[in-house]
Amino acid sequence: IYEIPVEIAGYAFLLVILWNVIWFTLVFIRYEKRQRILEENQGKIRTEAGGFPEAESRESEMYQELIRQLYEEKKELESSVQIEKQELSDYYSMWVHQIKTPIAALGVLIQSGEELEEVQESPKAQELTRSMKMEVFRIEQYVDMVLTYLRMDSMSADMVFQWHSLEELAKQAVRKYSQLFILQKIKLEIDIDDRKVLTDKKWLVFVIGQILSNALKYTKQGKISIYTQNQALVIEDTGIGIEAEELPRVFERGFTGYNGRRDGKSTGIGLYLCKRVMDKLSHGIAID
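Okay, so let's go over this structure.

Reading the values: the criteria
Residues numbered from 1 in each chain as written. Predicted model: local features only at pLDDT ≥ 70, side-chain atom pairs only at ≥ 80, totals over all residues. Heavy atoms only, no water. Salt bridge = Lys/Arg side-chain N within 4 Å of Asp/Glu carboxyl O. Helix = DSSP H or I, 4+ residues; strand = E, 2+ residues; numbered from the N terminus. Buried < 20%, exposed > 50% of the residue type's maximum accessible area, 1.4 Å probe, protein only. Pairing = 2+ DSSP bridges. Axes fitted to C-alpha atoms, helices over the stretch in contact; angles between N-to-C directions.

1. So, the pattern of salt bridges
1) Next: Applying the stated rule across the entire model yields 7 salt bridges.
2) Next: When the shortest N-O distance is used, the salt bridge between Lys-187 and Glu-189 registers 3.5 Å.
3) Next: With a shortest N-O distance of 3.0 Å, Lys-275 and Asp-279 are connected by a salt bridge. Taken together, the residues span about one helical turn, with Lys-275 and Asp-279 both in helix α8 (residues 270-280) at a distance of 4 residues.
4) Next: Its relative accessible area of 27% is what places Lys-275 among the partly exposed residues.
5) Next: Asp-279 sits in the partly exposed class, given a relative accessible area of 44%.
6) Next: Because the salt bridges share partners, they merge into one network encompassing Lys-187, Glu-189 and Lys-223.

2. Observations concerning the sheet that holds strand β5 (residues 232-237)
1) Next: The strand order β2-β4-β5 describes an open sheet built from 3 strands, whose pairing is mixed. Two strands bound the open sheet, and with one partner strand each, they are β2 (187-191) and β5. Sheet twist, expressed as the mean angle between neighbouring strand axes with direction ignored, is 15 degrees.
2) Next: Sheet analysis places β2 next to strand β4 (residues 223-229), joined by 5 bridges and oriented parallel.

3. Some details on unusual backbone geometry
1) Next: Not every positive phi belongs to a glycine, and Lys-185 is a case in point at roughly 55 degrees.
2) Next: Position of Lys-185 among the secondary structure elements: in the loop between α5 (178-184) and β2.
3) Next: Judged by its relative accessible area of 73%, Lys-185 is exposed.
4) Next: One non-glycine residue with positive phi stands out, namely Asn-230, at about 60 degrees.
5) Next: Relative to the assigned elements, Asn-230 resides in the loop between β4 and β5.

This is the structure:
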């Protein structure tokens, strides 16, 4: 239009293109750098709120400051929740230790009642004493379960792995429940071969005892057998059993199943604790 030579217009056009290429290249490199910094900090956002790329505008700066404030509030909330959780755990631990005193006192009273029972030889007194002994034992068991539940998160610090006789561990658990075997007139058969296992004595005895407790709870007559089979310790009972469709869920926390709901005796915690303990010990556990 202005009769400018084509060479001059073309030269100006090429300069504009070159400048735009350089400018877009620099912008792209800066963009890639910011993206790389953000991707690297995605995994760190749970532990720190720094490492943001330099803010390009006031708006970006405000967003970064908002994220930092949210992070600080999150840390304060986590700290508050942790403190409350620890206080609750301390309270329950104290309650467990306190409740054991009246339980022990009740046990002494039952023992005194047994001495009177020998003198009176009253069937009613004998039955009452047996019932009281069973209830006290159940109370002790539930208290121990609460204490185990509270210690579960920190049980790794309480483990001592040593070689132990599997038969001795099983017999130690059986001795704890010996009175229930007698009171319920349940036959016990033990056939464990001579083998050593690398485990934590206290926690494995707890698991065996918990399974024995379940077996005694749901076995009205017959027997409970403890024996070794290949690489497994088997605890088998002649109780009411578990529905096949419920087997995949028996180790879930709070799951009681049909029989547990019907009898109202199940807490849904026992087998859940067993599974967690066995996982911590790197042992397997299964049920049929």
